[in-house]
Structure formats: structure tokens, C-alpha cells
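Structural features, examined
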Amino acid sequence: MRKILITGALGQIGSELTAEMRKIYGSSNVVASNRSMKKGHEELIESGPFEIIDINDPVTLSAAVDKHKINTIVNLAAILSAIGEKDPQQCWNINMNGLYNVLETARERNCMVFTPSSIAAFGPSTPKDNTPQETIQRPNTMYGVTKAAGELLCDYYYKKFGVDTRGVRFPGLISYKTLPGGGTTDYAVHIYYDALKNKKYTSFIRKGTYMDMMYMPDALSAIIDLIEANPQRLMHRNAYNVTAMSFDPEMLADSIRKFIPEFELLYDVDPIRQEIADSWPNSLDDSAAREQWDWNPKYDLQSMTKDMLEKLRVKLD
Ligand code: NAD
Ligand code: AKB
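Looking at an unreviewed UniProt entry, one finds the protein chain named Nucleoside-diphosphate-sugar epimerase, with Sedimentibacter saalensis as its source organism.

**A word on the site of ligand 1**
Taken together, 28 residues are adjacent to ligand 1, and G8, G11, A77, F170 and G181 come closest. Within the residue set of the shell around ligand 1, elements represented by two or more residues are α5 (88-109) and β9 (172-174). Looking at the shell around ligand 1 residue by residue, the classes come out as 13 nonpolar, 13 polar and two charged. Lining the shell around ligand 1 are residues from two domains, each supplying at least three of them: domain 1 (4-171 + 214-241) and domain 2 (173-212 + 245-283 + 298-316).

**Brief notes about α5**
Helix length check: α5, at 22 residues, gives a terminal C-alpha distance of 31 Å against a target of 32 Å (1.5 Å per residue), a fit within 8%. Looking at the buried side of α5, the elements it contacts are β1 (4-7), α3 (58-67), β4 (72-75), α4 (81-86), β5 (112-114) and α6 (142-161). Positioned one or two residues after α5, N110 has a phi angle of 60°, which is positive.

**Considering the domain arrangement of the protein chain**
Under the domain assignment used here, the protein chain contains domain 1 (4-171 + 214-241) and domain 2 (173-212 + 245-283 + 298-316). Measuring from the centre of the C-alpha atoms in domain 1 to the corresponding centre in domain 2 gives 24 Å. Elements with a contribution of two residues or more to the side of domain 1 that touches domain 2: α1 (14-25), α4, β11 (211-215) and α8 (216-228). When its residues are assigned to classes, the side of domain 1 that touches domain 2 shows 15 nonpolar, ten polar and five charged.

**Focus on helix α9 (residues 249-257)**
Restricting attention to buried positions, one finds in α9 the residues P249, L252, A253, S255 and I256. Down the axis of α9, the smallest arc covering the buried residues is 160°, so these residues share one side. Contact partners of the buried residues in α9: α7 (187-198), β10 (200-203), β13 (245-247), β14 (264-267) and α12 (301-316).

**Concerning the site of ligand 2**
Neighbouring ligand 2 are L80, S81, S118, I119, A120, Y143, P171, G172, G183, T184 and T185. The residue inventory of the shell around ligand 2, partitioned by class, reads five nonpolar, six polar and no charged. Viewed by domain, the shell around ligand 2 spans two of them, domain 1 (4-171 + 214-241) and domain 2 (173-212 + 245-283 + 298-316), each represented by three or more residues.

**What to know about the packing of α7 against α9**
Any two packed helices are characterised by how steeply their axes cross, that is the angle between the axes, and by the distance between the axes. Two elements in contact, α7 and α9, have axes separated by 11 Å at closest approach and are oriented at 35°. Once α7 is placed against α9, the crossing between them reads as right-handed. Touching Y187, A188, I191 and A195 of α7 are P249, L252 and I256, all from α9. Among the residues making up the contact of α7 with α9, the classes are represented as seven nonpolar, no polar and no charged.

**Brief notes about the UniProt feature "domain: NAD-dependent epimerase/dehydratase" (unreviewed entry) in the protein chain**
Residues annotated by UniProt as "domain: NAD-dependent epimerase/dehydratase" (unreviewed entry) correspond here to residues 4-242. The distance separating the terminal C-alpha atoms of residues 4-242 is 23 Å; by composition the span is 42% helix and 17% strand.

**Section: the environment of K207**
Along the polypeptide, K207 turns up in the loop between β10 and β11. A C-alpha to C-alpha distance of 15 Å links K207 and S279, two positions 72 residues apart in sequence.

**Examining the packing of α1 against α8**
Where α1 contacts α8, the axes come no closer than 10 Å and their chain directions differ by 55°. Classified by the angle between their axes, α1 and α8 sit oblique to one another. Classified by chirality, the crossing of α8 by α1 is right-handed. Packed against α1, whose contacting residues are E16, L17, E20 and I24, the element α8 presents M216, L220, I223 and I224 at the interface. In terms of residue class, the contact of α1 with α8 is built from six nonpolar, no polar and two charged.

**What about the nonpolar core?**
By size, the foremost hydrophobic cluster in this structure holds 88 residues, and its most contacted members are I6 and I174. For this core, the domains that each give at least three residues are domain 1 (4-171 + 214-241) and domain 2 (173-212 + 245-283 + 298-316). Non-local contacts of I174, meaning those with residues more than four positions away in its chain, are made with A188, V189, M213, Y215, M216, M304 and M308.

Calculation notes
- Along every chain, residues carry numbers that run from 1 in the direction the sequence is written.
- Lettering of chains starts at A and numbering of ligands starts at 1, both following the order in which they are written.
- pLDDT decides what is reported in this predicted model: residues at 70 or higher carry local features, side-chain atom pairs at 80 or more are listed and counted, and totals for whole chains, interfaces and linings draw on all residues regardless.
- Proximity of a residue to a molecule or strand is defined by its backbone-placed C-beta atom lying within 6 Å of that partner.
- Starting at the N terminus, helices and strands are each numbered in turn, a helix being any DSSP run of H or I of at least four residues and a strand any DSSP run of E of at least two.
- Residue polarity is assigned by list, with Asp, Glu, Lys and Arg as charged and Ala, Val, Leu, Ile, Met, Phe, Trp, Tyr, Cys and Pro as nonpolar; anything else, Gly included, falls into the polar class.
- Residue ranges assigned to the domains are those given by an automatic or database domain assignment.
- Expected span of a helix, by definition, is 1.5 Å for each gap between consecutive residues, and there is one gap fewer than residues.
- Contact criterion: two residues are in contact if their C-beta atoms, reconstructed from the backbone, are within 7 Å.
- With C-beta atoms placed from the backbone, a residue counts as buried when 20 or more other C-beta atoms lie within 10 Å of its own, as exposed when 12 or fewer do, and as partly exposed for counts between those limits.
- By definition, the arc is the one covered by directions from the helix axis to the C-beta atoms.
- Between the N-to-C directions of two axes lies an angle of 0 to 180 degrees, each axis being a line fitted to C-alpha atoms and, for a helix, fitted only over the stretch in contact.
- Here a crossing is taken to be left-handed if its near helix is turned anticlockwise relative to the far helix by less than a right angle, and right-handed if that turn runs clockwise.
- UniProt positions are given in the numbering used here, feature names are shortened, and annotations may be inferred rather than shown by experiment.
- Angle categories are assigned with fixed cut-offs, so that under 35 degrees is roughly parallel, over 145 is roughly antiparallel, 65 to 115 is roughly perpendicular, and the rest are oblique.
- Note on terminology: a nonpolar core is any set of buried Ala, Val, Leu, Ile, Met, Phe, Trp, Tyr and Cys residues joined through C-beta atoms within 7 Å.

Below, the structure written as C-alpha cells:
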């Protein structure tokens, strides 16, 4: 029986993953946690066990693991790319020292650990198109540095200590329930809100900038399917490339115009986030994930846009 602890559970992924995992494993077997409470998450907090845990505090972390007899930690607590460039010290502290605490707790208590990496683990010298599973990784953002180093640390804990570490390199994730937490791909979420509210959006990412993206239901499947995957098939374990689509702001706007023909896309490029986006791949090769644990996303750009607009329309009403 899985007993799961999710850190950073009130963020963009965690707020949806908690509900999905509670459906699958039972509410009492999925402990949600965050370093602080956040408004708008009352339903999640009341639907099962919830703890205040800062992953930079190993004592509280391990006490919660003992208290709830946890055997699987899903570590989602992190600082994302744009905020990471504003406060690189905090980004390193949470993404690296926090991850170290999670891995040490898991080593001492024999837990599985799932922790996501990102397309940010690649950098300007990485091959940009169909980026291979194994390739040059010289990221030039603090977020990217922590993601590349985190991948290596997770590999190390598996090889050295036998901790069952698993992870994927997520692209930009698009969802309607919880707003993204301060990344470079956030434009691809905000655009839907503004399309419905104002019929226009001003993009901080330049026309012609391609990045990999994925709709949240596929991201949740990726996490759960990899956690449940047969370990004997996993050659990489951590940092699997996964993707569902690659587009630039114009392609995204065109997909919205199929439903809101008068939608207008304007640009006011943010040099910091543009530079980050320019250092990331245009598109990933996710064949290793497809071969080793049957990764197969369901949503493409058009089906995602249709669902996003339908669900957001109800939410914003
Ligand atoms: P998010 O910013 O939306 O949520 C992170 C949560 O962690 C927040 O609720 C925050 O309060 C909490 N947190 C921050 N510091 C903490 C600490 N010290 N202890 C405990 N909680 C803390 O992030 P997300 O989008 O849900 O991302 C989760 C993971 O997935 C991260 O590792 C991120 O790098 C990775 N990822 C996300 C995306 C994406 O597009 N959302 C893409 C690639 C990778
Ligand atoms: C970000 O833009 O920082 C995240 C990511 C791709 O890791 N969405």
C-alpha cells in the first residue's frame, strides 16, 4: 500500500496531483504539505491529511514521514525559473538543499522519491531540435543549474544508496485550476485568461520562440505512470524527457482564434524571460519515456485549447 507525501502541494502541479492521487490511492494515504497555507486551497486541505512542511527543515520533514508511515515522497516544492533569476540564492537553497533533505529522509526511511526536472536542465549549447535524452547540459540560469544538479543527485542516491528515485523533465505545464508559480512558460497559461476576459493578450515571449508544453492531465499521468512503472524497464530512472507539443505564441494564438476569432496577440517582450526561453530547447525527443514506461500524452494543442477555454469559461463565470 502506498503512503504518499507531496511537498509543495499547493502549487500548480501539486494542487491537481493531490486530488488525482487521493482518487487513486485513497484520501487518507495521500498527505499534502506546503511550507505555508495559501488561500483558495481549502477543499484540498480539508479533503485529506495536510501538514505544514518546509523542505529546508529536515526535522519537520522526517517527523511527518514517520507520523504518516510514508513510503513515497513526491517532491514538488521548488522555485521556478523567472523567480529563480530574481533570487538565485533562495532558488539554490530550496531546489538543492531542500532536495538533499528529501533524499536523506528517503534514504534513512526507505522511501521512493519522485522529483521533477525541467527543460531548464538544458542550456544554449544543447541541440535545440528533437533534443536527445542524453546530450549536452550546460544551463545558464540558477533554476537550470539546480535542475541539472538535482538530476545527478537523484541518480547518485539510486546508485550509491539504492533509493528508488524517479523523475521526468517537464516542459511548460498548462492548467486552469492553479496559476503557475513564476516561470518562463507562464505566458501560455495567462493567454487563456486574457483571451476570455479581454479578447487580447500581451506576450512577454517573442513571436517565433518555440518551447515544449503539456496539458496538466498528461503531466499527472506522467507522474503516476512513472511511479508505478516496472523498475526493471527503467534504464534512466530520473530526468526522462517528456513532451506533448511544441509551439510559439503565434501558433497558440491561432488555436485560440478557432474559438475566439477576434482574439488579438500583442507583444511586450521581457528580456530576462526571453533570454531564458532562448536557452531552452525548441522540441524534445521523448522516445526513451515512450519505450521504457509507455509514455503517451493524450492532448495536442487544439484539444488542449478547447478544454482550457471550456473549463476556464466556467471558472471565470
Ligand atoms: P509552483 O511554484 O506552482 O509550486 C511550488 C510550491 O512549493 C508552492 O506552493 C510553494 O509555496 C511551495 N514551496 C516553495 N518553497 C518551499 C519549501 N521550502 N518547502 C515547502 N514548500 C515550498 O511549482 P509547480 O509548477 O507546481 O512545480 C513543481 C515542480 O515541478 C518543481 O520542481 C518545478 O521545477 C517542476 N516543473 C514545473 C513545471 C511547470 O510548468 N509547472 C515545468 C517543469 C518542471
Ligand atoms: C518555468 O518556466 O520555469 C517552468 C519550467 C519549464 O520548468 N514552467
